[in-house]
Amino acid sequence: MKLLLTGSRVIDPSQKMDAVADVLLENGKITQIAPDLAKTLDSKSSGKIKTIDLASMIVVPGLIDMHTHLREPGLEYKETIASGSAAAVAGGFTSVACMPNSSPINDNRSITEFIKRKAAEAALANVYPIGAISKDSAGSQLTEFWDLKEAGIVALSDDGKPVMDAALMRRALEYAFSLGLPVISHCEDINLSGGGLINEGFYSTILGLRGIPSIAEEAMVARDILIAEFTKTSVHIAHVSTAGSVRLIREAKKRDLPITAETAPHYFTLTDESMQSYDTNFKVNPPLRSPDDLAAIKEGLADGTLDAIACDHAPHGRTDKEVEFEYAACGISGLETSLSLSLQLIHDGVLALPELIAKMSTNPARILNLSKGTLKAGSDGDITVIDPQLKWTVDVKAFCSRGKNSPFHGRQMQGRAVLTIVGGDIKFALPSLKL
Amino acid sequence: MKFEKKDILGMKDLSVDEINLILETAESFLEISTREIKKVPTLRGKSVINLFYEASTRTRTSFEIAGKRLSADTINISASTSSVVKGETLIDTARNLEAMNPDVIVIRHSAAGAPHMLAKLLRQSIINAGDGAHEHPTQALLDMMTIKEKKGRVAGLKVAIVGDIMHSRVARSNIYGLSKMGAKIVLAGPATMLPRNIEQMGVKVHSKLEDAIVDADVVMMLRIQLERQNQSIFPSLREYSQHYCLNRTNIKLAKKDVIVMHPGPINRGVEISPDIADDPSCSVILDQVNNGVAVRMALLYLLTGGNE
């Protein structure tokens, strides 16, 4: 099976490419990428090639979401590996890395193998499990990193249960670094966040909702940078939400420390002003912050402080969200809106398209040591095709994800993925795209 | 003037005209409670459900008496635990009550925003009888009625609110309500009890009680919740009462004709000394309770279309 994508703008940050070109896929791999490839191929081997005309579209290396929750095993009413994979490809993601907070937690080989088996059965997106740092993510005893790595994890994290014990975090960074496993840190000092519900500021004050101070995040970002520097290891900071965190990471990078960081689309799209409706779909952790924080996140994306955009896909069932605000679960079902919200950064002039694609594909691949995020000849045939102009309206009822919890329901968007190719096979195509 | 609001969720949402209408209506109802037969047929055939998820004596009784004096049928539901613990969601409970077709649901809940959730969902009028640390609009209205009764006006008065502002829905509702009516509001409390950016609500903030009550026309003392002592919000009741208790000495800093208010229940000797609380020349604490019934009668009346 050969697939030829013709006439589109091709952006590949891994080889600093931004040009009109044709892309040929054979046997699941990208084999050729050149202008007017169609003409040369026509003369040799036409007939066997399926050609898709993608004029006015953008072809990029398959997008990678490095912070996703697929909920299986155990919480299938929120999401399954199959429904989450479907949501991924519908949102333009060819690969996702899934956090270990299933039930049970992915803290041992058998869970990792289960996730990989389910992902293979779903056969949509590439699914890369992330293993827990500590057993049951309880923060006291390290998991078997070596065993987990052999089973197929690509990184370690205790996800939403931050490692409060600094000594344990030190050991985790040291042990993981020696194995070449990245550690992803959810930075939240839970004594400082203290059962808080929204960003601590004017809105928490007037709404009478307990506040989560920005320092709850920043104190742990600072701690983890210090530990990584002292132990000569690296750490990846998850879902950066505050101006102070951006500043700390920027300073660390200036000193050439191997710190990487991601933010999520809602942190550069929404602020805590949205909480006034008490709509639980806006409840996330870390919480939506102030306009100053939002501006700092955009600056951090623009100057390279923030390496990646990851949507922190957190699907929930209705029963988790249709309750009093303080009892509601945190999170946004984000895979199917992440790219479109991020494309707004292009419309707003915050990032150029190649920079955005780097943050959604090439950089996550680099951070997770995946041989992905590139269109170089010989690499896996993972490709996302984006229509940058297409206008559409978010409708949670149309989500492939079981999680319909999105504060973006009804929002007008410009640009989206129209075709998602994984391993040379078309896994998602917008019906309006003529194939 | 017709009252257009479906619900009473907070002082934030009420206009000056609406507040005036509520207060005028309440004033006209005051007299009913002094009659020998304290009942009028105005709301005969209407039903009011008091859905209380938090303990309450004063507010619940006040709503019940208000309903009964207007001949409404009042039903009290006390849920000792939150809906989550009980197993039925708040929404399901509310939908079941809605199906029984009451006219007004009065709700008190420990979770801020709970009444707002019901208001969006149900066709009935919702009255917020206190939601978490958010709002307690009927308390603010009865406070305002009491201030008007004693001072003849609200505009231009200096009102000091002292204590645990952080956890106080009474403080928030009064800040919204009294500022709308033109009062000048000053807060005082230890820094740990002053929520972040509170000055953006248009109030002045002091850390010492003495600084806040200078020349005050009204001093409103807030209840210290004794269990907060364990949350490191203040070191001890002993220390708190030495610095934040309104007493014979520090009250001299306020205007001579100052009135002292408290939403109750009071901790005698903690935030207010017993002789101040019981001094009829300044304490209006029981007038507040009396006016509370009238304010709640007015709200039930206006929400059920009584003045149309």
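Coordinates for the structure precede this section.
Not measured: the values here are computed from a predicted model. (Residues numbered from 1 in each chain as written. Chains lettered and ligands numbered in written order. Predicted model: local features only at pLDDT ≥ 70, side-chain atom pairs only at ≥ 80, totals over all residues. Heavy atoms only, no water.)

A. Just the pairing of strand S8 (residues 126–131) of chain A, in detail. Residue and element names in this part refer to chain A. Burial within S8 is extensive, with six of its six residues counted as buried. Strand direction decides the pairing type here: strand S7 (residues 93–98) and S8, joined by four bridges, are parallel. Across the sheet, residue valine 96 finds its bridge partner in S8, namely valine 127. Here two bridges tie S8 to strand S9 (residues 155–156), and the two strands are oriented parallel to one another. Counterpart to glycine 131 in the pairing with S9 is leucine 156. For the crossover that starts at S8, traverses helix H4 (residues 145–151) and ends in the parallel S9, the hand is right-handed. (Buried < 20%, exposed > 50% of the residue type's maximum accessible area, 1.4 Å probe, protein only. Helix = DSSP H or I, 4+ residues; strand = E, 2+ residues; numbered from the N terminus. Pairing = 2+ DSSP bridges. Right-handed = clockwise from strand over helix to strand, strands pointing away.)

B. Representation of helix H5 (residues 166–179) of chain A within the structure. All names here are of chain A. Between the first and last C-alpha of H5 there are 20 Å, a value that for 14 residues agrees with the 20 Å anticipated at 1.5 Å per step. Residues of H5 that are buried: Leu168, Met169, Ala172, Leu173, Ala176 and Leu179. The arc that holds every buried residue of H5, seen down its axis, measures 135°, which confines them to one face. In this structure, the buried side of H5 is in contact with H4, S9, strand S10 (184–185), helix H8 (214–231) and strand S13 (235–237). Looking one or two places after H5, you find glycine 180, whose phi comes out positive at around 75°. (Expected span 1.5 Å × (residues − 1). Arc of directions from axis to C-beta. Contact = heavy atoms within 4.5 Å.)

C. How the structure looks around the pairing of strand S1 (residues 2–12) of chain A. Residues and elements named next belong to chain A. For S1, the buried fraction is high: eight of the 11 residues fall into the buried class. Note: S1 against strand S4 (residues 49–53), five bridges, orientation parallel. Residue pairing in the sheet places leucine 4 in a bridge with threonine 51 of S4. For S1 and strand S2 (residues 17–26), the ladder comprises nine bridges, and the chain directions are antiparallel. Across the sheet, residue lysine 2 finds its bridge partner in S2, namely glutamate 26. From the end of S1 to the start of S2, which pair antiparallel, there are four residues, and lysine 16 there has a positive phi angle of about 45°. With two bridges connecting them, S1 and strand S5 (residues 58–61) associate as parallel partners. Across the sheet, the residue bridging to valine 10 is valine 59, located in S5.

D. Local environment of the packing of aromatic side chains. Tallying each qualifying case throughout the model produces six aromatic pairs over all chains. Aromatic pair Phe29(B) and Tyr301(B): ring centres 5.2 Å apart, planes at 90°, arrangement edge-to-face. On the criterion of sequence distance, the pair formed by Phe29(B) in helix H1 (residues 16–29) and Tyr301(B) in helix H11 (residues 285–303) is long-range, its members being 272 residues apart. Take Tyr301(B): its relative accessible area is 17%, and that puts it in the buried class. One aromatic cluster is present, built from ring pairs that chain together Phe234(B), Tyr240(B) and Tyr244(B). Here the basic side chain of Lys283(A) rests over the ring of Phe325(A), its NZ or CZ set 5.5 Å away from the ring centre. Cation over ring: Arg416(A) sits above Trp392(A), and NZ or CZ is 4.7 Å from the ring centre. (Phe/Tyr/Trp six-rings, centres within 6.5 Å; stacked < 30°, edge-to-face > 60°. Lys NZ or Arg CZ within 6 Å of the ring centre and 35° of its normal.)

E. Representation of the interface of chain A and chain B within the structure. Of the residues lining the interface, 17 residues belong to chain A; the matching set on chain B comes to 26 residues. Surface buried jointly by chain A and chain B totals about 1700 Å² across both partners, of which 57% is contributed by carbon and sulfur atoms. By the criterion of area lost to chain B, the three top residues of chain A are Phe202(A), Thr205(A) and Glu324(A), representing 34% of everything that side buries. Connecting chain A to chain B are zero salt bridges. Our count for the contact surface shared by chain A and chain B stands at six residue pairs in polar contact (both at pLDDT 80 or more). (Buried area = accessible area lost by both parts, 1.4 Å probe. Salt bridge = Lys/Arg side-chain N within 4 Å of Asp/Glu carboxyl O. Polar contact = N/O pair within 3.5 Å; in protein donor to acceptor, adjacent residues only side chain to side chain.)

F. Fine view of the pattern of salt bridges. All names here are of chain A. What the rule picks out here adds up to 35 salt bridges over all chains. For the salt bridge of glutamate 174 with arginine 170, the shortest nitrogen-to-oxygen distance reads 3.2 Å. One end of the pair is glutamate 174 and the other is arginine 170, both in helix H5 and four residues apart, which spans about a single turn. Residue arginine 170 is classed as partly exposed on the basis of its relative accessible area of 29%.

G. Summary view of the environment of Ile175(B). All names here are of chain B. Following the sequence through the fold, isoleucine 175 ends up in helix H7 (residues 169–180). Taking relative accessible area as the criterion, isoleucine 175 reaches 1% and is therefore assigned buried. For the pair isoleucine 175 and methionine 201, spaced 26 residues apart in the sequence, the C-alpha separation amounts to 7.5 Å.

H. Representation of the nonpolar core within the structure. Counting residues in each nonpolar core, the largest one holds 88 residues, and the members touching the most others are Ile127(B), Leu141(B), Ile161(B) and Leu178(B). Counting residues per element, this core draws most heavily on H11(B), which supplies 10 residues. What Ile161(B) contacts, discounting residues up to four positions off in sequence, is Ala171(B), Asn174(B), Ile175(B), Ile185(B), Val186(B), Leu187(B), Ala188(B), Met220(B) and Leu222(B). Counting residues in each nonpolar core, the second largest holds 87 residues, with Ile111(A), Leu168(A), Leu351(A) and Val422(A) among its members. (Core = buried A, V, L, I, M, F, W, Y, C linked by side-chain atoms within 4.5 Å.)

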